[in-house]
Amino acid sequence: MKINVNVKLKQKEASIILEPDGSFTVRLRSLPIENKANIEIIVLLAKYFKVPKANVVLVRGGKSRMKTFDIIN
């Protein structure tokens, strides 16, 4: 399943919010330095969908705030 993610950085706590249009907003504590933000998103999405981290794949938007992930069940 492919999902669209809008990323908000430097938040007080990390969370995932499902938007009415079906996309997700992910709030992160980390900064986008040395890929730390993408790794944090993968960990959060894996917990949210209850899949291993290896099943969450970044498809598009490695350096953008709008990202597309593929969740493999």
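Attention in this report is confined to the structure presented alongside it. Numbering of residues starts from 1 in every chain and runs along the sequence as written. Restriction of local features to residues with pLDDT of at least 70 applies here, the model being predicted, together with a cutoff of 80 or more for giving and counting side-chain atom pairs; totals for whole chains, interfaces and linings are based on all residues. Note: side-chain values were computed over all heavy atoms of the structure, leaving out hydrogens and water.

Description of the environment of Met66
- Numbering goes from the N terminus for both helices and strands, where a helix is a DSSP run of H or I of at least four residues and a strand is a run of E of at least two. Here Met66 lies in strand β5 (residues 66-71).
- By definition, residues are in contact when any of their heavy atoms lie within 4.5 Å. Discounting residues that sit within four places of it in the chain, Met66 has contacts with Val5, Asn6, Arg60 and Gly61.

Considering the side chain of Asn38
- Among the structural elements, Asn38 can be located in helix α1 (residues 36-49).
- Among the polar contacts listed, one links the side chain of Asn38 to the backbone oxygen of Gly62, at a separation of 3.1 Å.
- In protein, a polar contact means a hydrogen-donor-capable atom and an acceptor-capable atom, both N or O and within 3.5 Å, with residues adjacent in sequence counting only if both atoms are side-chain atoms; elsewhere, any N or O pair within 3.5 Å suffices. In terms of polar contacts, Asn38 uses its side chain to reach the side chain of Lys67, at 3.0 Å.

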